[in-house]
Structure formats: structure tokens, C-alpha cells
Amino acid sequence: MITRKFTLGSVFLYGTLVLLALFFLMPAYMAAVTALKMPADISLPSAWEWPSVINWSSFSQAIEKLKPDFINSIILTICATIGSTMLGSLNGYVFSKWQFKGSEVIFTLFLFGMFIPYQVILIPLFQTLRAMNLYGGLPGLILAHIVYGLPITSLIFRNFYAQIPTALIESARLDGAGFFSIYLRIVFPLSIPGFVVTSLWQFTQIWNEFLWGICLTRHTANPITVGLANLAGGQAVTWNLPMAGSIMAALPVLAIYIFLGRYFIRGLLAGSVKE
Amino acid sequence: MREASRDKWKAFLTLLPSMILIGVFVYGFIGNTIWTSMTDWGGVGSLALDPQKNFVGLENYVDLFTGFLGGGFRQDLVNAVYYSVMLLAGAVGLGMFIAILLDQKPKGEDVLRTIFLYPMSLSFIVSGTIWRWLLAPQGGVNVLPKYFGFEPLTFKWLSSQSAVLVFNWQDILRILVSFVAFALILTGIYMLRKDQSKAIKRLLVPGIALGAFVWLFGDIIPDALFMEEEHGFNLATLGIIMATIWQYSGYTMALYLAGFNGISQDLRDAAMLDGASQAGYYRHVAIPMLKPITISAVIILSHISLKMFDLIFAMTGPDNAATGHPALTMYLTTFRANDFAKGAAIAIVLFLIAAMFIVPYLIGQYRQRGRH
């Protein structure tokens with residue numbers, strides 16, 4: 001191994017990896033540098049340069065502007081994540097351990113809901129929420145996220161529960177346990193990793209969502225993505241504010257990704273429908 | 001046994017609420033949008049609780065594809081096709097390349113993997129905002145060469161008006177038929193080694209016949225429009241493609257890396273013993289083995305590129321027609337212009353394109369599950 005260290009191959013390998021890593025980090029660097037500059041110091045030709053004076057006030061300004069949206073996003077994300085993972089867990093339990101005639105067809109029909117471009121359901125969703133008096137507020141948005149989260153959460157839990165040996169379920173049934181007691185006493189306690197993976201996945205998806213946020217909520221119930229788009233949307237913006245806002249909107253999901261990356265990746269892989 | 005059948009009922013009843021929700025919110029809503037797309041819902045009274053809608057058949061679709069005012073939509077559709085193809089090639093290619101590099105187990109692999117994957121966790125609005133700043137003219141990416149002693153670039157990433165690969169929309173039907181012929185011939189040649197007679201009968205002969213037909217009698221195929229209308233790949237879209245590849249190649253990398261790790265070391269050693277080089281191992285052993293992963297990645301990325309809305313919204317805003325996309329136009333038509341019927345028709349076009357590859361994929365998955 002020692003002799004291979006400085007071969008042409010390894011120079012190429014590390015060189016390419018470093019270049020690629022720089023390319024991937026470039027936007028993060030740019031966002032941080034711009035957010036930390038004094039607004040007057042921001043100019044296009046010197047965009048890459050490190051700020052001469054570190055200025056944290058952009059962050060406090062961004063927090064002030066985005067705080068209501070941030071709180072909306074937290075409420076929305078937590079409620080919708082809990083709803084869709086609980087239902088998804090029950091569905092996954094049925095799909096993997098209590099298959100009945102036609103359940104595979106139903107499962108496939110569920111999955112289809114995951115792959116449709118959401119534009120196709122947007123107009124009736126808007127109408128239905130209006131008819132239910134849920135348009136404009138958080139409850140309607142939460143409902144939408146729960147329903148359209150069902151395909152992916154059912155899929156992840158189905159694949160997760162497939163790993164629980166059927167013999168375990170069978171023996172519990174022989175001991176007289178029924179549908180719900182098997183779920184509560186055996187399956188649910190074994191589901192903690194499944195819940196972690198699914199809720200992390202749902203959390204990031206719901207936190208990052210924009211289309212429903214902008215179409216289905218009024219100003220007071222806007223999630224953070226909509227708030228950020230409004231902050232950055234104007235023509236005469238000074239860029240320190242949108243950059244600080246971007247960092248703020250990204251922080252919760254970035255924190256999840258950095259600290260719980262293993263589960264995040266597992267959710268990512270589970271979402272690609274392979275078993 | 002009565003106990004068991006009662007449990008089966010409980011299982012069914014547990015699933016029932018989700019079935020109803022999905023039934024209404026997915027299938028019912030799709031049906032509703034199809035119906036809406038065949039009405040004239042729009043205009044002044046469109047936001048009333050019980051708006052007036054009249055059935056107009058396929059008029060909205062005819063308008064979109066051949067009408068005078070549909071030109072913008074047709075450009076968006078062309079953009080979307082180029083965008084999808086380039087995103088697929090870029091994200092799958094780069095992701096696979098990084099996965100192969102990381103599969104060599106370099107030092108710091110964990111850190112590198114984290115760096116390559118973090119964009120995936122961000123919202124499109126966040127990445128769109130940052131990339132818009134990075135692609136600003138006279139700044140960002142354009143001034144980078146300055147630091148290496150070169151002249152700065154002057155490319156107008158998000159506002160360029162020049163287009164390449166331009167074609168006349170009048171010829172769209174002829175182009176589509178030639179495309180089908182070309183695809184048939186190509187798959188035929190690919191299949192030739194596996195099943196010769198089937199490849200010739202079902203693919204090569206029809207493909208060549210179709211191709212010859214367009215070439216010789218193409219004039220019979222009607223013009224799609226009565227006037228010339230040129231569409232092409234707008235260069236302003238390049239910036240958006242770059243941002244999307246940046247965000248999603250980490251995802252394909254994670255898929256391939258998981259796949260590579262799943263291949264047993266024995267198989268790799270065996271390939272090496274048989275004299276395979278590193279490149280040969282990936283070319284002939286590893287990548288063909290990961291075909292299901294490639295298919296999943298292609299399906300998911302196509303789905304993402306078809307519904308792409310947030311990133312374009314954040315990068316060029318709703319006003320730049322040059323980087324338009326049907327998903328964005330759908331939003332603007334419906335919720336800004338209040339033309340619900342036209343918006344629904346655009347949504348259905350997107351849906352049909354998506355269904356074209358999702359339905360076969362899901363049926364394939366379903367059959368595969370049945371076999372186990």
C-alpha cells in the first residue's frame with residue numbers, strides 16, 4: 001500500500017476529488033461570505049473576497065423578517081410529519097404483514113401518487129380546500145402534506161417491516177395476539193429506526209416544499225420557503241439579506257443532514273423504490 | 001379461524017382511510033383536472049365559489065399546441081425536454097463518476113461524501129437564491145477566471161437570448177416520427193445480439209420502414225402550424241441545469257455508492273483475476289449490475305425535472321420567458337392570470353409525459369414483487 005501512495009492514479013484521484021469538492025462547496029462559501037459583509041461592501045467583482053469587517057446584523061435582520069414564517073414552517077412540518085408517519089406506519093404494517101387479495105395492486109396505486117407532477121392536482125386541491133374552509137391557513141397545508149406523504153411513508157415502512165421475520169408474527173398469532181396487539185406489542189417497538197428514517201425524510205421534504213406553500217396559504221401562514229422567495233424576489237435587493245435568509249432557511253435541514261446523515265441517506269435510498 | 005378473518009378485516013379497515021384519501025386526492029383530483037382542462041373556466045368570475053364553466057372539448061389543448069398565443073408554452077415545452085435530457089445526462093454521469101472515485105476508498109471518504117450530498121438536503125428556493133447570485137453577470141462564476149490570471153467570462157447565464165439546436169415547430173410531427181424510427185433502429189441494433197429474429201421483426205424493420213417513410217413522403221404528414229415558428233434550446237437555461245446538477249448528482253452518487261458496496265468483494269477479485277482493469281471492472285461488471293439503480297435514478301430525476309418549478313422561480317423569477325418551463329407556466333397561468341382551464345391543460349400535458357414512463361416502471365415493479 002505504501003508504494004502505491006504517489007502513483008499517477010492517486011494524484012488524479014485526489015486532484016479530481018478536491019476540485020469537485022470545491023465546486024460543491026462554492027455556493028455555500030458564497031452565501032456565507034455575502035451574508036457576513038456590510039451591505040455597502042457587496043459588489044459583483046469582489047463577490048468572492050472575504051469580508052474586511054465581519055457583520056452579523058444581516059442575520060438579525062433576516063431573523064426579524066422571517067421569524068413568523070419560520071414558526072409556521074416548524075408547526076407545519078412537525079404536524080404533517082407526525083400525521084404522515086403514523087398513517088404510513090400502519091399502512092406499511094398492513095402492506096407487509098397482512099396482505100390480502102388486491103393489496104399489492106393498492107400498494108402500486110399508492111406509489112403512483114408519489115410520482116405525479118403535483119401541478120396536476122393543484123387546481124382541485126385549491127378548490128377543495130376552499131370548499132372545506134381550509135384554504136389560506138396552516139391546517140389545509142398540513143392536510144395536503146399528510147395525504148401526499150402517504151405513498152412514500154407507506155413505502156418506507158413496508159420495506160422496513162419486510163425485515164421483521166414473519167415467524168415472529170405467526171408465533172404471536174398462535175399465542176392469541178390479534179391485529180392491533182401485534183402492532184402495539186411487537187411491530188411498533190421495533191419500528192424506532194423506521195420512524196427516525198421516515199420522519200427525517202418527511203421533515204426535510206415538507207420543510208423544503210414551495211409550490212403548495214405559495215398557492216395554498218395566505219400571507220400570515222406562509223412557510224419559510226415562501227418568505228425567503230419574497231425576501232429575495234425584489235429587483236433592488238441587497239444580497240446580504242437573501243443570503244442570510246437562505247442560510248437560516250437551510251439550517252434545520254442541514255443540521256439534520258450533518259448530525260443524522262446516516263438516517264437521511266437511508267431515507268433517500270428507501271425512497272427510490274428499490275427493495 | 002374466525003379470529004383470523006376478523007383480523008383480515010381489521011387490516012383492510014386500517015388501510016381504508018388512506019385508500020379513500022389517495023383515491024380522492026390523487027385519482028379523483030386527476031380526473032377533476034382532466035375535466036377542468038376541457039372547460040372554459042377562467043377570466044373575471046373564475047374565483048367565485050361556484051364559477052361558471054362550459055365544456056369546450058379539446059380546445060385548450062389545440063390552442064396550446066397550434067394556437068397563436070400558445071407559442072410561449074411551446075417554447076417552454078421545448079425547454080423542458082432539453083432540460084430533462086441534459087439534467088439526466090449530467091446528474092447520472094457526474095454522480096456515477098463521483099461514486100466510482102469514492103469507491104476507490106480515498107482518505108476522508110466520509111467528509112467528501114458529506115460534501116457531495118449536502119445540496120440534496122436544501123430547498124430549491126434556497127439553492128435557487130444562492131445560484132442566482134453566483135450567476136449574476138459581471139460577478140460570481142463569471143469573475144472566477146480572474147483569480148487564475150484569465151479574462152473574466154461575459155456569459156449571460158440567466159438572461160441570454162441566444163438559442164441553439166433550433167427547429168421549426170411546423171415540422172414537429174415529422175421530427176417526432178423520425179425520432180421514433182431512430183429509437184426503434186437503435187434499440188434493434190442493441191437487441192440484435194440477444195434475440196436476433198425478434199430484434200429484426202419488431203424493431204429494425206418497422207424502424208427502417210418508418211424512417212424511409214418520413215424521408216420519402218414526409219410531406220404527407222401535416223404541418224403543425226400554418227406559419228413558421230422557431231424553437232430551440234435557450235442558453236439561459238444552462239445556468240438552471242448547472243444548479244440542478246449541482247443539487248442532484250450527490251443523490252445519484254449515493255445510489256451508485258450503495259450499489260457498489262452491495263457488490264461482493266469476491267466478484268471484484270474474480271474480475272481482477274480474469275485480467276479486468278479498473279475501468280473494465282466498472283464498464284463490464286459493476287455498472288451493468290446496477291441497471292435497476294440507473295432506471296430508478298432516471299425515473300426519479302425525470303419526475304423532478306418535469307415538476308421543476310421552485311428552482312426556476314427562484315433563479316429567474318416569473319418574468320423571464322427564455323427559461324420558462326411548463327410547470328412554472330402552469331402556476332402563472334392558473335394563479336396569476338386566473339386562467340384555470342388553460343392551466344389544467346398544461347398540467348395534464350405534464351402528467352401525460354410523466355405517466356408515459358412512470359406507468360411502465362410501476363407495472364414492472366409490481367410484476368417483480370409478484371415473482372418473489
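Each chain carries its own residue numbering, running from 1 in the direction its sequence is written. The naming scheme follows written order: chains are lettered A onward, ligands numbered 1 onward. Predicted model: local features are reported for residues with pLDDT of at least 70 only, side-chain atom pairs are reported and counted for 80 or more only, and whole-chain, interface and lining totals are derived from all residues. As a rule here, side-chain values cover all heavy atoms of the structure and leave hydrogens and water aside.

Draft legend 1. Here's a closer look at the overall build of chain A. Working definition: helices are DSSP H or I runs of at least four residues, strands are E runs of at least two. Numbering for both runs from the N terminus. The helix and strand inventory of chain A stands at 12 helices and 0 strands. When the elements of chain A are put in sequence order from the N terminus, they spell out α-α-α-α-α-α-α-α-α-α-α-α. Its C-alpha radius of gyration of 23 Å places chain A more than 25% over the 19 Å reference for a compact globule of 275 residues. In terms of overall dimensions, chain A has C-alpha extents of about 75 × 70 × 30 Å along its principal axes. Across the 275 residues in chain A, those meeting the buried criterion constitute 58%. Throughout, a residue-residue contact means that at least one pair of heavy atoms, one from each residue, lies within 4.5 Å. Taking all contacts inside chain A whose residues are at least 6 apart in sequence as the whole, residues at least 24 apart take part in 73%. For the radius of gyration, the atoms used are the C-alpha atoms, and the globule rule reads 2.2 Å times the number of residues raised to 0.38. The classification of residues rests on relative accessible area computed with a 1.4 Å probe and restricted to protein chains. Under 20% of the type maximum is buried, over 50% is exposed, and intermediate values are partly exposed.

Draft legend 2. Here's a closer look at the interface of chain A and chain B. With 96 residues of chain A at the contact, the number on the chain B side is 97 residues. A buried area of about 9,000 Å², summed over both sides, lies between chain A and chain B, and 77% of it is on carbon and sulfur atoms. The rule for a salt bridge is simple: a side-chain nitrogen of Lys or Arg has to be within 4 Å of a carboxyl oxygen of Asp or Glu. For E104 of chain A, the salt bridge identified is with R369 of chain B, shortest N-O distance 2.7 Å. Two N or O atoms count as a polar contact when they lie within 3.5 Å, although within protein this holds only if one can serve as hydrogen donor and the other as acceptor, and sequence-adjacent residues are included solely when both atoms are side-chain atoms. For the pair chain A and chain B, the number of links is 20 residue pairs in polar contact (both at pLDDT 80 or more). Top element by residues in the side of chain A that touches chain B is helix α1 (residues 8-36) of chain A. It accounts for 15 residues. Note that Gly is not counted as nonpolar here; it falls among the polar residues with everything else outside the nonpolar set of Ala, Val, Leu, Ile, Met, Phe, Trp, Tyr, Cys and Pro and the charged set of Asp, Glu, Lys and Arg. In terms of residue class, the side of chain A that touches chain B is made up of 71 nonpolar, 17 polar and 8 charged. Two parts placed together each lose some accessible area; with a 1.4 Å probe, that loss summed over both constitutes the buried area.

Draft legend 3. Highlighting the nonpolar core. By size, the foremost hydrophobic cluster in this structure holds 199 residues, and its most contacted members are I116, I121, L125, Y148 and W212 of chain A together with F116 and F309 of chain B. Excluding residues within four positions of it along the chain, I121 of chain A makes contact with I116, Y148 and W212 of chain A together with F25, V26, F29, I30 and T33 of chain B. As used in this record, nonpolar core signifies buried Ala, Val, Leu, Ile, Met, Phe, Trp, Tyr and Cys residues forming a set joined through side-chain atoms within 4.5 Å.

Draft legend 4. Examining the layout of surface pockets more closely. Residue and element names in this part refer to chain B. With a 1 Å grid spanning the protein atoms alone, the term cavity applies to any set of points in which a 1.4 Å probe fits but cannot get out, the term pocket to an open set with protein on both sides within 12 Å along at least five of seven lines, and the term lining residue to any residue with an atom within 4 Å of a point. Grid points are joined across faces, edges and corners, and a volume is the space filled by probe spheres set on the points. Its volume calculated, the largest pocket comes out at about 1,100 Å³. Along its surface, the largest pocket is lined by 28 residues, and L77, V81, L176, I353 and M356 are the ones closest to its centre. Among the elements of the structure, α2 (59-66), α3 (71-103), α6 (172-191), α11 (291-306) and α14 (340-371) are those that each provide at least two residues to the lining of the largest pocket. Ranked by residue count, the leading element in the lining of the largest pocket is α3, at 8 residues.

Draft legend 5. Region of interest: the environment of S46 of chain A. Residue and element names in this part refer to chain A. Along the chain, S46 turns up in the loop between α1 and α2 (57-97). Since its relative accessible area comes to 17%, S46 is described here as buried. Sequence spacing of S46 and A270 is 224 residues, and the spatial spacing of their C-alpha atoms is 43 Å. Setting aside residues up to four positions removed in sequence, S46 forms contacts with K37 and D41. Here S43 takes part through its side chain, which lies 2.9 Å from a polar atom of the side chain of S46.

Draft legend 6. Geometry of the pattern of salt bridges. With the rule as written, the count across this model stands at 9 salt bridges over all chains. One salt bridge connects E229 of chain B with R74 of chain B, and the closest N-O pair in it is separated by 2.8 Å. Of the two residues, E229 of chain B sits in the loop between α7 (196-217) and β2 (230-234) while R74 of chain B sits in helix α3, which places them 155 residues apart along the sequence. Residue E229 of chain B shares its accessibility class with R74 of chain B, and that shared class is buried. Of the charged contacts, one joins R174 of chain B and D171 of chain B as a salt bridge, the two residues approaching to 2.9 Å between their closest N and O atoms. Linked by salt bridges that have partners in common, E104 and R158 of chain A together with R369 of chain B make up one network.

Draft legend 7. Representation of empty space enclosed by the protein in the model. According to the stated counting rule, one finds 2 cavities of 30 Å³ or more in the structure shown. As for the largest cavity, its lining consists of 34 residues, of which Y118, W201 and Q205 of chain A together with H303 and K307 of chain B are closest to the centre. When contributions to the lining of the largest cavity are tallied by element, the ones reaching two or more residues are α3 (103-115), α5 (138-161), α8 (192-208) and α9 (211-216) of chain A together with α8 (237-262) and α11 of chain B. Looking at the lining of the largest cavity element by element, the count peaks at 6 residues for α8 of chain A. Of the residues in the lining of the largest cavity, the class split is 19 nonpolar, 12 polar and 3 charged. Roughly 40 Å³ of internal volume is contained in the second largest cavity. Lining the second largest cavity are N79, A80, Y83, T237, I240, I312, T323, G324 and H325 of chain B. Breaking the lining of the second largest cavity down by element, the ones donating at least two residues are α3 and α8 of chain B. A total of 3 residues in the lining of the second largest cavity trace back to one element, the largest contributor, which is α3 of chain B. Broken down by class, the residue content of the lining of the second largest cavity amounts to 4 nonpolar, 5 polar and no charged.

Draft legend 8. Quick look at the packing of aromatic side chains. We call Phe, Tyr and Trp rings a pair once their centres come within 6.5 Å, taking the six-membered ring for Trp, and we label the pair stacked below 30 degrees between planes, edge-to-face above 60, and tilted otherwise. All chains considered together, the criterion is met by 55 aromatic pairs over all chains. Centroid distance Y118 of chain B to W246 of chain B: 6.0 Å. Interplanar angle 85 degrees. Geometry classified as edge-to-face. Remark: W246 of chain B occurs in helix α8 and Y118 of chain B occurs in the loop between α4 (109-117) and α5 (124-134); sequence separation between them is 128 residues. Neither residue differs from the other here; Y118 of chain B and W246 of chain B are each classed as buried. Chaining the aromatic ring pairs together yields one cluster made of Y93, W98, F157, F160, Y161, F179, F180, Y183, F188 and F195 of chain A. Comment: the charge-over-ring label is applied if NZ (Lys) or CZ (Arg) is within 6 Å of the ring centre and within 35 degrees of the ring normal. Here the guanidinium or amino end of R158 of chain A rests over the ring plane of F107 of chain A, the centre of that ring lying 4.4 Å away. The lysine or arginine in question, R262 of chain A, covers the ring of Y263 of chain A, its NZ or CZ lying 5.0 Å from the ring centre.

Draft legend 9. Broad picture of the pairing of β2 of chain B. Residue and element names in this part refer to chain B. Where burial is concerned, most of β2 is hidden: 4 out of the 5 residues are buried. Where strand β1 (residues 163-168) lies against β2, 4 bridges are found, and the strand directions are antiparallel. Among the inter-strand pairings, F167 is bridged to a residue of β2, identified as H231. In this analysis, strands are considered paired if DSSP registers two or more bridges between them.

Distances and angles like these do not, on their own, reveal function.
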